Amino acid sequence: QALTNFSFLRGASHARELVQTAAAKGHAAIGVCDHNTLAGVVRVHAAAKSQGLRFLPGARLDFEDATPSLLCYPADRDAFGRLTRLLSLGQLRAQKGGCRLRRDDLLAHAQGQVLIAIAPADPDEAFAEALARLASDLPERPYLAASRAYAARDVRRIDRLAELARRLQTPMLATGDVLYHTPERRPLQDVLSCIRETCTIQ
């Protein structure tokens, strides 16, 4: 669940920086999912190839008429083609730089996709119902992402997600939720977040 600066006002690191850091930490592979785009794929692929890392291309899909958001990893070349067509469909509906996806669009392009549902900060019963509905409509059951924010209630939240995963028979998957490659980039990421959310740094 890493993203690059191609996720506008969200990612604070370049593809090359993320790949170099992953390689330095001994990772064998890196998966990148920018928001409703594959714009960074070529740069990540080139950087990963130079570092000898396996690259898993994907996209984070946000929908205007449904929850949850999903990480989408194509399992093969045909599925990658379906993902590019899905994103092109959403981009044609929006103004330049935007992407408007709908739930039915996903269902029409879901074959061969590995889908990972992203829970909100407070996974309530409405989220559980949306995840159950999604699982019943997809050809393959989605995974449920779980990541640490290193906040006070992390353990409680992950316990709730684990219980939800058991109840819905949706496998839980650990993700990183990477926004930048080094702690020194955090101030920039905070400023980008403030611009996106139209709030002050305080």
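Described below are features of the structure shown in this document. Keep in mind the model is a prediction, meaning the values are calculated, not measured.

Rules used throughout
Residues numbered from 1 in each chain as written. Predicted model: local features only at pLDDT ≥ 70, side-chain atom pairs only at ≥ 80, totals over all residues. Heavy atoms only, no water. Salt bridge = Lys/Arg side-chain N within 4 Å of Asp/Glu carboxyl O. Helix = DSSP H or I, 4+ residues; strand = E, 2+ residues; numbered from the N terminus. Buried < 20%, exposed > 50% of the residue type's maximum accessible area, 1.4 Å probe, protein only. Expected span 1.5 Å × (residues − 1). Contact = heavy atoms within 4.5 Å. Core = buried A, V, L, I, M, F, W, Y, C linked by side-chain atoms within 4.5 Å. Pairing = 2+ DSSP bridges.

1. A word on the pattern of salt bridges
For the structure on display, the rule yields twelve salt bridges. Here Asp62 makes a salt bridge to Arg60, at a shortest N to O gap of 3.1 Å. Between Asp105 and Arg93 there is a salt bridge whose closest N-O contact spans 2.6 Å. Of this pair, Asp105 sits in helix H4 (residues 103-108) while Arg93 sits in helix H3 (residues 77-93), placing them twelve residues apart in sequence. By relative accessible area, Asp105 is classed as buried at 8%. Where salt bridges share partners, they join Glu64, Arg100 and Arg102 into one cluster.

2. Remarks on helix H6 (residues 154-168)
The terminal C-alpha atoms of H6 lie 21 Å apart, and with 15 residues this matches the ideal 21 Å at 1.5 Å per residue to within 8%. At its buried positions, H6 is contacted by helix H5 (125-137), strand S5 (143-146) and strand S6 (172-174). Of the residues one or two after H6, Gln169 is the one with positive phi, at around 55°.

3. Considering the nonpolar core
Ranked by internal contacts, the top residues of the largest apolar core, which has 40 residues, are Ile30, Leu61, Leu83, Leu87, Leu106 and Leu144. The contacts of Leu106, once residues within four sequence positions are left out, are Leu61, Phe63, Leu70, Leu86, Leu115, Leu134 and Leu138.

4. Things to note about the pairing of strand S3 (residues 69-74)
Sheet faces and side chains relate simply in a regular strand, where the side chains alternate between the two faces. Burial analysis of S3 places six of its six residues in the buried class, which makes it a mostly covered element. Of the two faces of S3, both are covered, the one formed by Ser69, Leu71 and Tyr73 as well as the one formed by Leu70, Cys72 and Pro74. The pairing of strand S2 (residues 54-61) with S3 spans three bridges and is classified as antiparallel. Pairing of Leu61 across the sheet is with Leu70, part of S3.

5. Things to note about helix H7 (residues 186-197)
For H7, with twelve residues, the first-to-last C-alpha span of 16 Å sits near the 16 Å given by 1.5 Å per residue. When we look at burial in H7, the residues that qualify are Gln189, Leu192, Ser193 and Cys194. Remark: Thr198 follows H7 within two positions and exhibits a positive phi of approximately 50°.

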